[in-house]
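Residue-level listing of the chains:
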Amino acid sequence: MITFFPGPSKVYPQLGGFLQDAFQQGILSISHRSEAFMTLAGEAIQLMKEKLEIPRDYTIMFVNSATESWEILPQSLLTGESVHVYSGSFGEKWYQYAYHIRPEAKAVVLEIDQELKPEELPVGEQTQMICITQNETSNATQVRPEVLQKLRNQYPNPLIAVDVTSSLAGIYLPIEAADYWYASVQKCFGLPAGLGVIICSPKAVARMQEIGEKGRYNSLGNIYDNIQKNQTHITPNVLGIYLLKRVMEMVPSIHETDQRVKEQAARWYTELEDKQPFELLVQNKAVRSDTVIGIKGSKEDIATVKTKAKAHGMLLGAGYGGLKETTFRIANFPALEAFEIEQLHEFLKAY
Ligand SMILES: *Cc1c(COP(=O)(O)O)cnc(C)c1O
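Residues numbered from 1 in each chain as written. Predicted model: local features only at pLDDT ≥ 70, side-chain atom pairs only at ≥ 80, totals over all residues. Heavy atoms only, no water.

1. Focus on the overall build of the chain
And step 1. Helix and strand counts for the chain come out as 11 helices and 15 strands.
And step 2. By the compact-globule yardstick of 20 Å for 351 residues, the chain fits well, its C-alpha radius of gyration being 20 Å.
And step 3. Seen through its principal axes, the chain has C-alpha atoms that stretch 60 × 55 × 30 Å.
And step 4. Each of the 351 residues in the chain was classed as buried or not, and the buried ones make up 57%.
And step 5. Within the chain, counting contacts between residues at least 6 apart in sequence, those at least 24 apart form 74% of the total.
And step 6. Of the roughly 14400 Å² of accessible surface on the chain, 51% is carried by carbon and sulfur atoms.
And step 7. Taking the 34 positively charged and 41 negatively charged side chains of the chain as two groups, their mean positions are separated by 3 Å. (Helix = DSSP H or I, 4+ residues; strand = E, 2+ residues; numbered from the N terminus. Rg over C-alpha atoms; globule rule 2.2 N^0.38 Å. Buried < 20%, exposed > 50% of the residue type's maximum accessible area, 1.4 Å probe, protein only. Contact = heavy atoms within 4.5 Å. Areas by Shrake-Rupley, 256 points an atom, 1.4 Å probe, with all protein chains shown as cover. Lys, Arg positive; Asp, Glu negative; His and termini not counted. Charge placed at Lys NZ, Arg CZ, Asp CG, Glu CD.)

2. A look at the sheet that holds strand E10 (residues 196-200)
And step 1. Here seven strands make up an open sheet; going across it, the order is E2-E10-E9-E8-E5-E3-E4 and the pairing mixed. Whereas interior strands pair on both sides, the edge strands pair on one side only; in this sheet they are strand E2 (59-63) and strand E4 (106-109). Here the average twist between neighbouring strands, direction ignored, is 20°.
And step 2. Both strand E3 (residues 81-86) and E4 contribute to a ladder of four bridges, which runs parallel. Directly across from histidine 84, in E4, lies its bridge partner alanine 107.
And step 3. Each of E2, strand E9 (180-184) and E10 is contacted by helix H7 (residues 220-227), which is oriented at about 110° to E2, the strand it contacts most. (Pairing = 2+ DSSP bridges. Axes fitted to C-alpha atoms, helices over the stretch in contact; angles between N-to-C directions.)

3. Re the state of the cysteines
And step 1. This model, assessed by the stated rule, comprises zero disulfides.
And step 2. Its sulfur unpaired, cysteine 131 is 13 Å from the next cysteine sulfur, which belongs to cysteine 200.
And step 3. For cysteine 131, a relative accessible area of 1% translates into the label buried. (Disulfide = S-S within 2.5 Å.)

4. A word on the site of the ligand
And step 1. Surveying the vicinity of the ligand reveals 13 residues, the closest of which are Thr67, Thr137, Asp163, Ser184 and Lys187.
And step 2. Within the side chain of threonine 67, a nitrogen or oxygen atom sits 2.6 Å from an oxygen atom of the ligand.
And step 3. Taken by itself the ligand offers 390 Å² of open surface, and the protein chains cover 86% of this.
And step 4. Spatially, the ligand is embedded in the largest pocket.
And step 5. Among the elements that take part in the shell around the ligand, helix H3 (residues 66-77) stands out by supplying three residues, more than any other.
And step 6. Classifying every residue of the shell around the ligand gives three nonpolar, eight polar and two charged. (Near = heavy atom within 4 Å. Polar contact = N/O pair within 3.5 Å; in protein donor to acceptor, adjacent residues only side chain to side chain. 1 Å grid on protein atoms, 1.4 Å probe; cavity = no way out; pocket = protein on both sides within 12 Å on 5 of 7 lines; lining within 4 Å. Sits in = over half its atoms within 2 Å of the grid points. Nonpolar A, V, L, I, M, F, W, Y, C, P; charged D, E, K, R; others polar.)

5. Points about the side chain of glutamate 213
And step 1. Inspection of the secondary structure assignment puts glutamate 213 in the loop between helix H6 (202-211) and H7.
And step 2. Assessed through its relative accessible area of 15%, glutamate 213 is described here as buried.
And step 3. Apart from residues no more than four positions distant in its own chain, glutamate 213 is found in contact with Gln75, Ser76, Met208, Ser219 and Leu220.

6. Focus on empty space enclosed by the protein
And step 1. Counted under the stated rule, the structure contains two cavities of 30 Å³ or more.
And step 2. Roughly 60 Å³ of volume is contained in the largest cavity.
And step 3. Tyr12, Ala169, Met248, Val251 and Thr257 are, among the 13 residues lining the largest cavity, the residues nearest its centre.
And step 4. Only helix H2 (35-52), helix H8 (238-250) and helix H9 (254-272) provide two or more residues apiece to the lining of the largest cavity.
And step 5. Residues belonging to the lining of the largest cavity are distributed by class as follows: 11 nonpolar, one polar and one charged.
And step 6. Empty space within the second largest cavity amounts to approximately 30 Å³.
And step 7. Leu52, Leu168, Ala169, Ile171, Tyr172, Leu173, Ile175 and Ile254 are the residues that line the second largest cavity.
And step 8. Classifying every residue of the lining of the second largest cavity gives eight nonpolar, no polar and no charged. (Points joined across faces, edges and corners; volume = space filled by probe spheres on them.)

7. Some words on the nonpolar core
And step 1. By size, the foremost hydrophobic cluster in this structure holds 113 residues, and its most contacted members are Phe62, Tyr180, Trp181, Phe189 and Ile330.
And step 2. Among the elements that take part in this core, H2 stands out by supplying eight residues, more than any other.
And step 3. The residues contacting tyrosine 180, other than those within four sequence positions of it, are Ser69, Ile72, Leu73, Leu77, Ile160, Ala161, Val162, Ile198, Ile199, Cys200 and Leu220. (Core = buried A, V, L, I, M, F, W, Y, C linked by side-chain atoms within 4.5 Å.)

8. Description of the packing of aromatic side chains
And step 1. Counted by the stated rule, this structure contains 10 aromatic pairs.
And step 2. Ring centres 5.7 Å apart and planes at 85° place the aromatic pair phenylalanine 278 and phenylalanine 328 in the edge-to-face group. Here phenylalanine 278, found in the loop between H9 and strand E11 (279-280), pairs with phenylalanine 328, found in strand E15 (residues 327-331); they are 50 residues apart in sequence, far enough to count as distant. Phenylalanine 328 shares its class with phenylalanine 278; the two are buried.
And step 3. Through a chain of ring-to-ring contacts, three or more aromatic side chains come together here, namely Trp70, Phe90, Tyr97 and Tyr320.
And step 4. We note lysine 187 situated over the ring of phenylalanine 90; from NZ or CZ to the ring centre the distance is 5.2 Å. (Phe/Tyr/Trp six-rings, centres within 6.5 Å; stacked < 30°, edge-to-face > 60°. Lys NZ or Arg CZ within 6 Å of the ring centre and 35° of its normal.)

This is the structure:
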């Protein structure tokens, strides 16, 4: 069965060998305070920086999930207002978690086809952070990287935090344009679930130190202090970090992946534009995601296409949240291979 679910998603086929290696090399039993772990974590971080073009002075930290990053942020990087801009379920959840801890959190809800206009945001002197879901996995929209750059230019003072759970390692992202990026690895990294990464700018680190929040196991300062020694604040997912290292070693530069992913996305959109009885979920080309393709239809048509695809050995991604029954999604993640993508194209063409 080929899975087109946008998370957990298809893992790289090379993982079978990597898992065997991890077992044979004794990785599964190493202590997270050992020299072997510190070397491994250091290499994984270094490779991520190289392959994803993350500036040297940014800090990469390991956590358990993207959801955990939602919570760490208001805990450790805010004492007041954050402005959350979103159009879908993941952005909304992030806002709700932030609001629970910092009721000063403000929500700016966009329509699915609406572009984010930096100059129109209610950002003022008191705004400490702007929070953007760059790739909204639930409704297959994205905030284009150029818009993040514009946002940075428009608002040099507040921290900018970006959820890139379903785009990091899939498309090129201008990391220097924001301060707090996070993702989990079961999407574009082509890895099994159970590991998250946070990428912080020097400015975010300085702010974290100024606020000095501590006492929680996942207080950002605690995570940061440990990673300075290539260690972690908890006994981490060592296997996940090992697999991350192996995958980062294997993948080409992010520009190459970016180009392939975008070409594949353009083909999906062209082919599905007039595909009866369906419609593209996102009409506005400027906000269509490159890594998650959304298709809508009647409940019956969606159920039928999913059943038929399954009979052909393919799992289409279910809709998410309120869109569960009236949409399906196609992951356009780098670990999917050309022959698998071809198979789905052929199935849909003949449909
Ligand atoms: C999947 C996803 C999350 C949640 O990831 P977890 O690893 O389950 O915490 C958050 N944000 C976006 C945009 C996602 O796609």
